[in-house]
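Structural features, examined
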Amino acid sequence: MMKQFDVEPVVAKWELHSVATMLIATYGEDAERTAEENLAIAIAEEHEGNETVWTGIITQLREIRKGDRHGQA
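Residues numbered from 1 in each chain as written. Predicted model: local features only at pLDDT ≥ 70, side-chain atom pairs only at ≥ 80, totals over all residues. Heavy atoms only, no water.

When its secondary structure is counted, the chain shows three helices and zero strands. Traced from its N-terminal end to its C-terminal end, the chain shows the element sequence α-α-α. Residues counted as buried form 27% of the 73 residues belonging to the chain. A sequence separation of at least 24 residues applies to 67% of the contacts in the chain between residues at least 6 apart. On the chain, roughly 5400 Å² of surface is accessible, and the fraction owed to carbon and sulfur atoms is 55%. (Helix = DSSP H or I, 4+ residues; strand = E, 2+ residues; numbered from the N terminus. Buried < 20%, exposed > 50% of the residue type's maximum accessible area, 1.4 Å probe, protein only. Contact = heavy atoms within 4.5 Å. Areas by Shrake-Rupley, 256 points an atom, 1.4 Å probe, with all protein chains shown as cover.)

Here we take up the nonpolar core. Among the nonpolar cores identified, the biggest contains 12 residues, and these are L16, A20, L23, I24, A31, A35, L39, W54, I57, I58, L61 and I64. Broken down by secondary-structure element, the contributors of at least two residues to this core are α1 (13-27), α2 (31-44) and α3 (48-69). Top element by residues in this core is α3. It accounts for five residues. (Core = buried A, V, L, I, M, F, W, Y, C linked by side-chain atoms within 4.5 Å.)

With that out of the way, let us pick up unusual backbone geometry. Positive phi, close to 55°, is recorded for E46, a residue that is not glycine. Along the polypeptide, E46 turns up in the loop between α2 and α3. The class for E46 is exposed, based on a relative accessible area of 63%.

Set out below in structure tokens:
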């Protein structure tokens with residue numbers, strides 16, 4: 001179940017995509033694990049902003065990987 005936030009978070013999709021791309025370049029196959037670990041920390045610390053960002057980054061990682069499987073850049 002997704003947590004409801006106090007305010008509507010505003011993060012540009014291109015920013016999340018950029019970080020996701022950087023994580024792949026840095027961590028390769030461990031990019032998702034790294035992002036999930038950071039999300040877990042954000043949840044444990046009850047930091048809504050970081051939770052929003054890491055959730056968005058994980059979504060972008062999935063989109064990038066899906067594109068890679070279909071032969072897209």
